[in-house]
Amino acid sequence: MIETPDVIEAAALDRAVHAVQSQIGSWKAATAIVLGSGLTFLAERISDPIRIAYRDIPGFPMPTIQGHRGELVIGRLAGAPVLVQSGRFHMYEGHSAHVCALPVRVFSRLGIGTVMFTNAAGGVRRTFTPGTLMLIADHVNLTFRNPLSGPVLTGEERFPDMSDPYDHSLRTLAMEAAARSRINLETGVYAGLLGPSYETPAEVRMLDRLGADAVGMSTVVEVIAARALGMRCLAISTITNAAAGIGPTKLSHVDVLQAAERVKDDVARLIEGILARI
């Protein structure tokens, strides 16, 4: 019998879920956190951690990008049970949108209903300086990829509503947590591009006219899959550089990691403050 694409993908998801479930047993969490470039330090703050390397999860490729470790970490952060994805895989590494959305689908099958995403992004809004934290209120998917293409997987909507992709109540909690910790938290629109090349000055001008405040190479396909599963989403961008043409500095991944390092304490306090109120 020839297996259809939906059967193949469902079987791959089953294998990944089984591999994780076999390691964590009856342990449960309501929240998952996806760590972007330079933010894997947060996984070190997990108490009583269970670590599962991606190489031990079928379908999870090991990241090839500096600043992405490649493991799931299960434990407690700020007293809350969490599952942390320490490093993500990207479409520019040659992976499909379906592969990039696989962790989110695994989280849902494990009973997780809320996902907090982090990423590093270039600042399109001219008032953004390296180290600015931006709460994503909406996004523009310019990757021209969608993890929902093809057969509908069990539990997913065919046509999920995307009028409020980033949960309003979670964004309110984030703003309140930032105020309590005296962290400046901006709000804006994130444009997701395929990468891996940085944008040209002309492309950045286009993004500005489209209403984007920041630009990056992740997050959007993960959020689309999460919303199709009914999961609540929150996302925070660390603005690590001014986008091309805005400032005189040429862009490099090293600068991205260094900027993320400078604000890591603020990011940790913000995420922990949100977790304490979810």
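To be clear, the structure that these remarks concern was listed above.
Residues numbered from 1 in each chain as written. Predicted model: local features only at pLDDT ≥ 70, side-chain atom pairs only at ≥ 80, totals over all residues. Heavy atoms only, no water.

### Quick look at the nonpolar core
What counts, and what does not: In this description, a nonpolar core means a group of buried Ala, Val, Leu, Ile, Met, Phe, Trp, Tyr and Cys residues linked to one another through side-chain atoms lying within 4.5 Å. The buried label goes to any residue with under 20% of its type's maximum accessible area, the exposed label to any with over 50%, and the partly exposed label to all in between, with areas taken from a 1.4 Å probe on protein chains only. Numbering of helices and strands starts at the N terminus; helices are DSSP runs of H or I of at least 4 residues and strands are runs of E of at least 2. Here, residues are in contact when the closest pair of their heavy atoms is within 4.5 Å.
Core analysis: the largest hydrophobic core is formed by 44 residues, its most contacted members being V20, I57, F60, L72, V106, F107 and F117. For this core, the secondary structure elements donating two or more residues are α1 (5-24), β1 (31-35), β3 (71-77), α2 (97-109), β5 (114-123), β6 (132-141), α5 (220-228) and β9 (232-242). When residues of this core are assigned to their parent elements, the largest contribution, seven residues, is made by α2. Every residue in contact with I57, bar those within four places of it in the chain, is listed here: A16, A19, V20, I52 and L72. Counting residues in hydrophobic clusters, the runner-up holds 31 residues, among them L135, L170, L173 and A177.

### Things to note about the packing of aromatic side chains
Threshold: Two rings belonging to Phe, Tyr or Trp (six-membered ring only in the last case) form a pair when the distance between their centres is within 6.5 Å. Interplanar angles under 30 degrees mark stacking, angles over 60 mark edge-to-face geometry, and anything in between is tilted. By the criterion adopted, a ring carries a charge over it if an Arg CZ or a Lys NZ lies within 6 Å of its centre and within 35 degrees of its normal.
Within this structure, the stated rule accounts for three aromatic pairs. Judged by centre distance (5.4 Å) and plane angle (70 degrees), the ring pair of Y54 and F60 falls under edge-to-face. Here Y54 and F60 have matching classes, each one buried. Ring plane angle 80 degrees and centroid distance 5.6 Å describe the contact between Y54 and F89, whose orientation is recorded as edge-to-face. Of the two residues, Y54 is situated in the loop between β2 (47-53) and β3 and F89 in the loop between β4 (80-86) and α2; the sequence distance between them amounts to 35 residues. In this structure, Y54 and F89 share a single accessibility class: buried. For K264, the ring lying beneath its charged end belongs to F41, and the centroid distance is 5.5 Å.

### Points about the packing of α2 against α5
The criterion, for reference: Note on geometry: axes are C-alpha line fits, over the in-contact stretch for helices, and angles between N-to-C directions span 0 to 180 degrees. Roughly parallel means an angle under 35 degrees; roughly antiparallel, over 145; roughly perpendicular, 65 to 115; everything else is oblique. Helix crossings are classified by the rotation of the near helix relative to the far one: an anticlockwise turn of less than a right angle makes the crossing left-handed, while a clockwise turn makes it right-handed. As a working rule, the residues Ala, Val, Leu, Ile, Met, Phe, Trp, Tyr, Cys and Pro are called nonpolar, Asp, Glu, Lys and Arg charged, and the rest polar, with Gly in that last group.
Put simply, α2 and α5 touch, their axes get as near as 8 Å, and they point 60 degrees apart. In terms of orientation, α2 lies oblique with respect to α5. Considering the relative orientation of α2 and α5, their crossing is right-handed. Of α5, the residues touching α2 (which contributes A97, C100, A101 and V104) are V221, E222, A225 and A226. Partitioning the contact of α2 with α5 into residue classes produces seven nonpolar, no polar and one charged.

### Quick look at the pairing of β5
Operational definition: Whether two strands pair depends on DSSP finding at least two bridges between them.
Along β5, 10 of the 10 residues are buried, which leaves the element largely enclosed by surrounding structure. One ladder, built from four bridges, connects β1 with β5; its direction is parallel. When the bridges of β5 are listed, A32 appears paired with V115. Sheet analysis places β5 next to β9, joined by 10 bridges and oriented parallel. For A121, the partnering residue across the bridge sits in β9 and is I239. The pairing of β5 with strand β8 (residues 214-216) spans two bridges and is classified as antiparallel. From the neighbouring strand, G123 faces β8, where its bridge partner is A214.

### Some points on the packing of helix α3 (residues 168-180) against helix α7 (residues 264-275)
Two elements in contact, α3 and α7, have axes whose closest approach is 9 Å; the angle formed by their N-to-C orientations is 125 degrees. Here α7 runs oblique to α3, going by the angle between their axes. The interaxial crossing formed by α3 with α7 has right-handed handedness. For the pair formed by α3 and α7, the contact residues are L173, A174, A177, A178 and R180 on the first element and L270, G273 and I274 on the second. Tallied by class, residues from the contact of α3 with α7 come to six nonpolar, one polar and one charged.

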